[in-house]
Amino acid sequence: MENGNGNRNVVMPGKGLTRIQTNGSGKKGNEVCHDDSSLPVKAQTIDELHSLQKKKSAPTTPITGSSFVATFAMSEEERQRQQLQSISASLASSARETGPKVVRGDPGKAFKHVHHHPVVPTISVSDSALKFTHVLYNLSPAELYEQAIKYEKGSFITSNGALATLSGAKTGRAPRDKRVVKDETTEDELWWGKGSPNIEMDEHTFMVNRERAVDYLNSLDKVFVNDQFLNWDPQNKIKVRIVSARAYHSLFMHNMCIRPTPEELEDFGTPDFTIYNAGKFPCNRYTHYMTSSTSIDLNLARREMVILGTQYAGEMKKGLFSVMHYLMPKRRILSLHSGCNMGKDGDVALFFGLSGTGKTTLSTDHNRYLIGDDEHCWSDNGVSNIEGGCYAKCIDLSREKEPDIWNAIKFGTVLENVVFDEHTREVDYTDKSVTENTRAAYPIEFIPNAKIPCVGPHPKNVILLACDAFGVLPPVSKLNLPQTMYHFISGYTALVAGTVDGIKEPTATFSACFGAAFIMMHPTKYAAMLAEKMQKYGATGWLVNTGWSGGRYGVGSRIKLQYTRKIIDAIHSGTLLNANYKKTEVFGLEIPTKIEGVPSEILDPINAWPDKDAYKDTLLKLAGLFKNNFEVFTNYQIGKDNKFTEEIVSAGPIF
Ligand SMILES: Nc1ncnc2c1ncn2[C@@H]1O[C@H](COP(=O)(O)OP(=O)(O)O)[C@@H](O)[C@H]1O
Ligand SMILES: C=C(OP(=O)(O)O)C(=O)O
Ligand SMILES: [Ca+2]
Ligand SMILES: [Mn+2]
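Looking up the chain in an unreviewed UniProt entry gives the name phosphoenolpyruvate carboxykinase (ATP), with the organism given as Chenopodium quinoa. The Pathway (unreviewed entry) comment attached to the chain in UniProt states, word for word, "Carbohydrate biosynthesis; gluconeogenesis." For the record of the chain, the UniProt heading Sequence similarities (unreviewed entry) holds the text "Belongs to the phosphoenolpyruvate carboxykinase (ATP) family."

This is the structure:
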């Protein structure tokens, strides 16, 4: 190893490090040391010195202002001009026709840049048309750290190198504040009404909110712009642009979306979809359709989303996921709210489940390749991750139980709403002072076994995760195809505290396709696509309870992660497919009698309950809830008759 004095330290076995020999030692004796060993600094002034510290990046993103501009080739300038035009177009509004200047780096330092391009004359009449907004375009994590720490209260570096941030008043998604523009097309295409996540708004109201967001963003000194991709399937890649007010949001999306290479960014052109995140600024409650000061508005015709009144970064991620739930099925590609991983032999597993049921935890498996933790597509070519990062819950995170997630929390990772020691900056993952829904967002390559590019062959196992707060579902059941569809459409779980605002205790909940908040069309449409693909490629369905055993929430206890991992191992290896099974009452589930590493007494839930009558009552109660929930799905027609739906309904509980 180089020791900094130009000499090498040689490690001698058993002797530790050899002594450091300094230059000329022994020759100059005890002569006074002159500081003349290195060349003088190549700067005349302090400013010049500082300008040397930062080496100019490859000309992939718009370059810094100042005198560099003139020395660049025309093509580079031309590209910048086009980029500026594209971003200007994004930020145009009726108050302002010309958009902001594209500047890479700090607004203060780059101000000179403004003089290189004269102000384009405009017919706009308000003062806001005359104002410049600096655009911080695709900044690097290091630059975003600096922006966050300098300008955003509540941003700190934790001892592991992550960027701790606060998401503000909202620490979870606000599904009741989501609005979707209903127009002639979406009226017929989308799922509206009872059970649907799509609450309507009209085009005009969307424009009112859009203008509010754009004017807010343009009123700032600087905005962040991310140009990135969604979907690792090269044929179905979507270009997204995220315009936001905070470095936190820009770094979050940098981590969560697919990061373009310099070459890809060069040819980026016009985005397919744009998010305007003005989360710090509320919507106007006098606006039609608004029921709070938060609004997350989706306009599929304009391919735009507006965020007002919430800074929870998950809204952007899950908002884009909703868009994919519309765009992909139109191409006969199924979008899935699931984690996904692959074994050494290429066997792919999908992990469906609502928030907190274990998609991220169980797809992050040291013995398998991680394709993604949350959002995927299943096309005729196999599976692909939609995202470029993972979004893990960190409450009670432990190095022992989840080492790969633990180690992914390092420089570059966004840590949301965690509590840390004010001096050592060590994170206390058990602390729920800010919220239960503490999160880490990191690029997928922070997981050592990530499969890059994040694509894989057709799935072999489809695992439905339910965190059953009633404690009556078996830890694992093998499902036939109609049962898989029944449980897929039901989307049962106990909602674990935190991810959705206002939920403090686990409660039974049903969410169609394990993601009702994100689907755009009727659940049965997605189910039909899933059934077709599972049948075609011979995938097996499983129901895994990652929730309670031996009694309901408050009485029993959560099934140990260690046991769930053993169950999942047995699914992956294929041993569970050929195990001995028996059928449960009411739900008619096939349950194995033995799994290596799992106590057999918990496999049949009745055995784990001390009070058998209480078990039976609770089982019937849950079955009743399933039945009630399914009522709205019993009449949906796929194809020319009701056969598909009828078969699914008959796979539900019988009592
Ligand atoms: N038996 C279990 N199986 C899966 N997760 C468990 C289990 N017991 C506790 N957990 C915890 O539950 C949480 C699951 O959350 P996560 O994997 O992030 O869910 P999702 O990605 O589906 O939203 C993690 O914090 C994990 O440590
Ligand atoms: C970000 C989310 O994802 P999940 O909890 O499923 O990981 C969410 O549901 O808000
Ligand atoms: Ca999710
Ligand atoms: Mn997750």
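Following the structure, the description resumes.
Visitor: Please clarify how the site of ligand 2 should be interpreted in this entry.
Guide: By nearness alone, ten residues border ligand 2, and Arg173, Lys318, Ser355, Lys359 and Arg439 come closest of all. Within the side chain of arginine 439, a nitrogen or oxygen atom sits 2.6 Å from an oxygen atom of ligand 2. Relative to its unbound accessible surface of 290 Å², ligand 2 loses 97% to contact with the protein. Taken together, the residues of the shell around ligand 2 break down into one nonpolar, three polar and six charged.

Visitor: Would you explain the packing of aromatic side chains in this entry?
Guide: Ring pairs (aromatic) are described by centroid distance and by the angle formed between their planes. Throughout the structure, instances matching the rule amount to 21 aromatic pairs. Look at tryptophan 378 and tyrosine 537: their rings are 6.2 Å apart centre to centre, the planes differ by 35°, and that puts the pair in the tilted class. Placement of the pair is tryptophan 378 in strand 18 (residues 376–379) and tyrosine 537 in helix 13 (residues 523–537), with a sequence separation of 159 residues. Taking the relative accessible area as the measure of exposure, tryptophan 378 reaches 0% and is therefore buried. Ring pairs connect the aromatic residues Trp191, Tyr486, Tyr492, Phe510, Phe587, Phe626, Phe630 and Phe633, which therefore count as one cluster. Over the aromatic face of tyrosine 151 sits the side chain of lysine 222, whose NZ or CZ is 3.3 Å from the ring centroid. A cation over an aromatic ring shows up here: lysine 344 above the ring of tyrosine 369, its NZ or CZ 5.8 Å from the ring centre.

Visitor: I would appreciate a short explanation of the site of ligand 1 in the present structure.
Guide: Close contacts around ligand 1 come from 16 residues, with Gly356, Lys359, Thr360, Glu402 and Ile559 the closest. A distance of 2.7 Å separates an oxygen atom of ligand 1 from a polar backbone atom of glycine 356. A total of 570 Å² of accessible area belongs to ligand 1 in isolation, and the protein chains cover 89% of it. Here the shell around ligand 1 gets three residues from one element, more than from any other, and that element is helix 10 (residues 359–363).

Visitor: What exactly am I supposed to notice about the packing of helix 7 (residues 247–256) against helix 9 (residues 314–330) here?
Guide: Each packed pair of helices is defined by two parameters, the angle between the axes and the distance between the axes. Helix 9 packs onto helix 7 with a crossing angle of 40° between their chain directions and a minimal axis gap of 9 Å. Taken as axis vectors, helix 7 and helix 9 run oblique relative to one another. Read as a crossing pair, helix 7 and helix 9 show a hand that is right-handed. Between helix 7, through His249, Phe252, Met253 and Met256, and helix 9, the contact on the second element is made entirely by Gly314, Met316, Lys317 and Leu320. In terms of residue class, the contact of helix 7 with helix 9 is built from five nonpolar, two polar and one charged.

Visitor: Which parts of the structure should I look at to understand the sheet that holds strand 6 (residues 163–165)?
Guide: Within a sheet, each strand pairs with its neighbour through backbone hydrogen bonds, oriented either parallel or antiparallel. Strand order in the open sheet made by the five strands is 5-6-21-24-20, with mixed pairing throughout. In this open sheet, the two edge strands, each paired with only one partner strand, are strand 5 (156–157) and strand 20 (389–393). Two strands pair when backbone bridges link them, and strand 5 and strand 6 are joined in this way by two bridges, in the antiparallel orientation. Bridge assignment links isoleucine 157 to a residue of strand 6, and that residue is leucine 163.

Visitor: Looking at this model, I keep getting lost on the pairing of strand 26 (residues 459–466). Mind explaining?
Guide: A regular strand places its side chains on the two faces of the sheet in alternate fashion. Among the eight residues that make up strand 26, seven are buried, leaving the element largely enclosed by the rest of the structure. In this structure, strand 16 (residues 348–352) lies alongside strand 26, joined through five bridges in parallel fashion. Across the sheet, phenylalanine 351 pairs through a bridge with isoleucine 463, a residue of strand 26. Pairing of strand 26 with strand 30 (residues 540–545) involves six bridges; the strand directions are parallel. From the neighbouring strand, leucine 465 faces strand 30, where its bridge partner is valine 544.

Visitor: Is there a simple way to think about the side chain of serine 384 in this case?
Guide: As for its position among the elements, serine 384 is in strand 19 (residues 382–385). A polar contact of 2.6 Å, which involves the side chain of serine 384, links it to the side chain of asparagine 231. The residues touching serine 384, leaving out its near neighbours within four places in the chain, are Asn231, Trp232, Asp233, Glu375, His376, Cys377, Cys454 and Val455.

Visitor: What exactly am I supposed to notice about the coordination of the calcium ion (ligand 3) here?
Guide: Four donors placed tetrahedrally about a metal ideally form angles of 109.5 degrees, and six donors placed octahedrally ideally form angles of 90 or 180 degrees. For the calcium ion (ligand 3), the protein coordination sphere consists of Lys318 (NZ), His337 (NE2), Asp374 (OD) and Asp374 (OD), at 2.2 to 3.1 Å. Given six donor atoms and angles of 45 to 153° at the metal, the environment of the calcium ion (ligand 3) is assigned as irregular. Donor residues for the calcium ion (ligand 3), ordered by position in the chain, follow K-x18-H-x36-D. Between the calcium ion (ligand 3) and the manganese ion (ligand 4), a spacing of 4.7 Å is present. Linking lysine 318 in helix 9 with histidine 337 in the loop between strand 14 (334–336) and strand 15 (338–342), this pair joins segments that are 19 residues apart in sequence.

Visitor: Sorry if this is basic, but what is going on with the nonpolar core here?
Guide: Buried together is how nonpolar side chains tend to be arranged in soluble globular proteins. One finds Leu217, Phe352, Leu415, Tyr442 and Phe587 to be the most contacted residues of the largest nonpolar core, which totals 145 residues. Counting residues per element, this core draws most heavily on helix 9, which supplies eight residues. Excluding residues that lie within four positions of it along the chain, phenylalanine 352 makes contacts with Leu336, His337, Ser338, Lys359, Val462, Ile463, Leu464, Leu465, Phe488, Phe514 and Leu530. Counting 20 residues, the second-largest nonpolar core is a separate cluster that includes Trp542, Val544, Tyr563 and Ile602.

Visitor: Hey, could you run me through the pairing of strand 13 (residues 304–308) in this one?
Guide: Across the five residues that make up strand 13, a large majority, five, are buried. Here strand 13 shows two buried faces, one formed by Glu304, Val306 and Leu308 and the other by Met305 and Ile307. Of the pairings in the sheet, the one linking strand 11 (residues 273–278) to strand 13 comprises five bridges and is parallel in character. Paired with threonine 274 across the bridge in strand 13 is glutamate 304. In this sheet, strand 13 lies alongside strand 12 (residues 295–299) in antiparallel orientation, the contact comprising five bridges. The partner of leucine 298 across the bridge, within strand 13, is methionine 305.

Visitor: Please explain the sheet that holds strand 18 as it appears in this structure.
Guide: Taken in spatial order, the four strands line up as 14-18-19-25 in an open sheet, and their pairing is antiparallel. A single partner strand is all that each edge strand has here, and the edge strands are strand 14 and strand 25 (455–456). In this structure, strand 18 lies alongside strand 19, joined through four bridges in antiparallel fashion. Across the sheet, serine 379 pairs through a bridge with glycine 382, a residue of strand 19. Along the sheet, helix 9 contacts strand 14 and strand 18; its crossing angle with strand 14, the most-contacted strand, is approximately 160°.

Calculation rules
- Residues numbered from 1 in each chain as written.
- Chains lettered and ligands numbered in written order.
- Predicted model: local features only at pLDDT ≥ 70, side-chain atom pairs only at ≥ 80, totals over all residues.
- Heavy atoms only, no water.
- UniProt positions renumbered as here; feature names shortened; annotations may be inferred.
- Near = heavy atom within 4 Å.
- Polar contact = N/O pair within 3.5 Å; in protein donor to acceptor, adjacent residues only side chain to side chain.
- Areas by Shrake-Rupley, 256 points an atom, 1.4 Å probe, with all protein chains shown as cover.
- Nonpolar A, V, L, I, M, F, W, Y, C, P; charged D, E, K, R; others polar.
- Phe/Tyr/Trp six-rings, centres within 6.5 Å; stacked < 30°, edge-to-face > 60°.
- Helix = DSSP H or I, 4+ residues; strand = E, 2+ residues; numbered from the N terminus.
- Buried < 20%, exposed > 50% of the residue type's maximum accessible area, 1.4 Å probe, protein only.
- Lys NZ or Arg CZ within 6 Å of the ring centre and 35° of its normal.
- Axes fitted to C-alpha atoms, helices over the stretch in contact; angles between N-to-C directions.
- Parallel < 35°, antiparallel > 145°, perpendicular 65-115°, else oblique.
- Left-handed = near helix turned anticlockwise from the far one by under 90°.
- Contact = heavy atoms within 4.5 Å.
- Pairing = 2+ DSSP bridges.
- Donors = N, O, S within 2.8 Å, 3.2 Å for Na, K, Ca; no water.
- Tetrahedral: all angles 85-135°; square planar, octahedral: opposite > 155°, others 65-115°.
- Core = buried A, V, L, I, M, F, W, Y, C linked by side-chain atoms within 4.5 Å.

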